[in-house]
Amino acid sequence: MNCVTLSRTLANAVLAFLTAAPEYAAEVRRLTLTEAVHLAIAQNRALKIARLKVMEHEQKKAGERSSYFPAITNQSNILHITDLQNVAIPAGAFGTAAGTLVPTRDVALPQGQKTLYSSGTQISQPLTQLIRIHEANRIAAADVAVSRDDLKKAETQVALQVHSLYFGILIARLQKQAAEQQSRYAGEHLLESEEDVQGGSALNVAVIQGRAGLLESQQSVLTAELQLSDLNTELNDLLGLPLDTQLELDPSVPATFDQRPREEYVQTAWSENPEIMAAEESVKKARAGVTAAKSAYIPDVTAYARQSYQDGVPFLVRNFGTFGVNLNWEVFDFGKRRAVVREREAQLAQAEENVRRLKEEVAVAIERSYNKLERTQSLVQVANQVVKLRTESERLSQNQLTQGLVLVSERRQATAATYKAQADYLQASLGYLLAWAELEQAVGHTPGL
């Protein structure tokens, strides 16, 4: 097989490869951007875990709330004693009667039984402990709020990832089409170079260069297909779909939105950004911790009432009741409580400083996203002008081909350049929308909802 025949075979194989329709056995799922965001928020496993975390903290808060109310407990025992102390009464201990000793002989009186049974049911109400209970409920409520803010933060991150992957797939598909057009141009150019070599108007180096260009363009197509497959798999995983699901994405995405002043975004973020809100809840939690630590200096006072039953204890009736107040006070602990208070105060200072840090970071993120939004808007305008010029160039190339003034490969080259310009324009447009989504996420809103 000579060089020319080999080149023709390679060119025909590439063209057949590009025009062949891929066969997918997997399910095809059609989605718009809004549907993809809703689906990810509903099915993403990381978000399901975050929602369960919220439920966990809500139940913990319910448990802390129950500490406000009296507790009813029962304590029952069965005891066996190896030996008992008896009451010994010697003969004549009570004197004599008609010359007879009373008692007439030594008497041993047993005290109780070796096996004892006791059971008591008690209702107790904490009094001074209510201070700590109240602070524990504040801490639990802060944990619930933090978990909800973490869920909202995770939702905004997932929505932003959906935007990024969705736009990436649209861009990759158009880039693949542009690579396919470039491959068709390379195939036509190789065939023309071979004809020129056979006609004696070109050297063999032109064929070699044409074959290299064809292989390079084929490599570009394969690279685009691999990138498209990876993005499709990542989006399926994010949406909670089977990884082999083929996605047909609607290219019609929102192209306009209301852009507000920069300062308004910052003020909104300080009040709505979930990370800042979670940090503010952590401040409340730390303050409650300080109050709870200081309350350790107060004695624990508990009011209680108890109904008891016993069998086997001497000098006690079987059923009896008791009620009163219990006081438990740790008088001295060598500075342990003071150290705990200072520890909680340090945690409070950290939480307050963290709020200030996050506000500064969010302000910087908004500044960066806002500037990116303005820059990408300029890129869209430039890319749009390039598309118009490439489209006009393609039209002129078609007219020249009809008149026999240019070769088919030159017409293919113009078409490939138009596809590339359209891909660049789409990439610039979607980059502009992605910058807006990043700005919305920094503010604390969920993009796409």
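Fair warning: this is a prediction, and the values are worked out from it, not measured in the lab.

Details of the overall build of the chain
- Looking only at helices and strands, the chain features nine helices and 10 strands.
- Among the 449 residues that make up the chain, the fraction classed as buried is 36%.
- Partitioning the intrachain contacts of the chain with sequence separation of at least 6 by distance along the chain shows that 81% fall at a separation of at least 24.
- Accessible surface computed for the chain: about 26200 Å², of which carbon and sulfur atoms make up 55%.

As for the packing of aromatic side chains
- This model, assessed by the stated rule, comprises three aromatic pairs.
- Where Tyr 166 meets Phe 167, the ring centres are 6.4 Å apart and the plane angle is 85°; that geometry is what we call edge-to-face. By the burial criterion, Tyr 166 is buried, and Phe 167 matches it.
- Taking the centre distance of 6.0 Å and the plane angle of 65° together, the rings of Tyr 265 and Tyr 370 count as edge-to-face. Of this pair, Tyr 265 sits in helix H6 (residues 262-272) while Tyr 370 sits in helix H8 (residues 336-402), and the two are 105 residues apart along the sequence. Just as Tyr 265 is buried, Tyr 370 falls in that class too.
- If you follow Lys 359 out to its NZ or CZ, it ends over the ring of Trp 270, 5.6 Å from the centre.

Quick word on the sheet that holds strand S2 (residues 71-80)
- The four strands lie next to each other as S2-S7-S9-S10, forming an open sheet whose pairing is antiparallel. Edge positions in the open sheet fall to S2 and strand S10 (319-328), since each of these has one partner strand only. Shown here is a sheet whose adjacent strand axes are inclined to one another by a mean of 20°, direction ignored.
- Two elements, strand S9 (residues 300-311) and S10, share 10 bridges in a ladder whose sense is antiparallel. Note that in S10 the partner of Ala 305 across the bridge is Phe 323.

Describing the pattern of salt bridges
- On inspection of all chains with the given rule, the structure shows 24 salt bridges.
- Taken together, the salt bridges that share partners define one network made up of Lys 60, Asp 143 and Lys 285.

A closer look at the pairing of S9
- Pairing between strand S7 (residues 115-126) and S9: 10 bridges, direction antiparallel. Paired with Gly 120 across the two strands is Ser 308, which belongs to S9.

Points about a nonpolar patch on the surface
- Together, Leu 327, Trp 329, Val 331, Phe 332 and Phe 334 make up an exposed nonpolar region whose accessible area comes to about 670 Å².
- Considering the arrangement of structural elements, one finds Phe 332 in the loop between S10 and H8.
- For Phe 332, a relative accessible area of 57% corresponds to the exposed category.

Concerning the nonpolar core
- In terms of nonpolar packing, the biggest core is built from 63 residues, with Val 162, Tyr 166, Phe 167, Leu 239, Leu 249, Val 253 and Ile 366 touching the most fellow members.
- No other element matches helix H4 (residues 130-199), which puts 13 residues into this core.
- Aside from chain neighbours lying at most four places away, what touches Ile 366 is Arg 262, Tyr 265, Val 266, Ala 269, Leu 439, Ala 442 and Val 443.

Here's the deal with the packing of helix H7 (residues 274-294) against H8
- Taken N-terminus to C-terminus, the directions of H7 and H8 make an angle of 165°; their axes are 8 Å apart at the nearest point. With respect to H8, the element H7 is oriented roughly antiparallel. Once H7 is placed against H8, the crossing between them reads as left-handed.
- When grouped by side-chain class, the residues that make up the contact of H7 with H8 number 13 nonpolar, four polar and eight charged.

Quick look at unusual backbone geometry
- Not every positive phi belongs to a glycine, and Phe 334 is a case in point at roughly 60°.
- Following the sequence through the fold, Phe 334 ends up in the loop between S10 and H8.

What about H6?
- Within H6 the residues assigned to the buried category are Tyr 265, Val 266, Thr 268 and Ala 269. Buried residues of H6, seen end-on, are gathered within an arc of 165° and therefore sit on one face of the element.

Considering the confidence of the model for the chain
- Confidence along the chain averages 84 in pLDDT terms, with 89% of residues attaining 70 or more.
- For the chain, the element scoring lowest by mean pLDDT is helix H1 (residues 3-19), at 41; H7 scores highest, at 95.

Focus: the environment of Leu 235
- Mapped onto the fold, Leu 235 is located in helix H5 (residues 204-239).
- Taking the C-alpha atoms as reference, Leu 235 lies 9.7 Å from His 163; in sequence the two are 72 residues apart.
- If we ignore the near neighbours within four places in the chain, the residues touching Leu 235 are Val 162, Leu 165, Ile 169, Leu 247 and Leu 249.

Some details on the environment of Ala 142
- With respect to the helices and strands, the residue Ala 142 is situated in helix H4.
- Judged by relative accessible area, Ala 142 falls into the buried class, the value being 2%.
- Residues Ala 142 and His 57, spaced 85 residues apart in sequence, show a C-alpha to C-alpha distance of 9.3 Å.

Thresholds applied
Residues numbered from 1 in each chain as written. Predicted model: local features only at pLDDT ≥ 70, side-chain atom pairs only at ≥ 80, totals over all residues. Heavy atoms only, no water. Helix = DSSP H or I, 4+ residues; strand = E, 2+ residues; numbered from the N terminus. Buried < 20%, exposed > 50% of the residue type's maximum accessible area, 1.4 Å probe, protein only. Contact = heavy atoms within 4.5 Å. Areas by Shrake-Rupley, 256 points an atom, 1.4 Å probe, with all protein chains shown as cover. Phe/Tyr/Trp six-rings, centres within 6.5 Å; stacked < 30°, edge-to-face > 60°. Lys NZ or Arg CZ within 6 Å of the ring centre and 35° of its normal. Pairing = 2+ DSSP bridges. Axes fitted to C-alpha atoms, helices over the stretch in contact; angles between N-to-C directions. Salt bridge = Lys/Arg side-chain N within 4 Å of Asp/Glu carboxyl O. Patch = residues over 30% accessible without salt bridge, like charges linked within 9 Å, V, L, I, M, F, W, Y side chains within 5 Å. Core = buried A, V, L, I, M, F, W, Y, C linked by side-chain atoms within 4.5 Å. Parallel < 35°, antiparallel > 145°, perpendicular 65-115°, else oblique. Left-handed = near helix turned anticlockwise from the far one by under 90°. Nonpolar A, V, L, I, M, F, W, Y, C, P; charged D, E, K, R; others polar. Arc of directions from axis to C-beta. pLDDT = per-residue confidence, 0-100.

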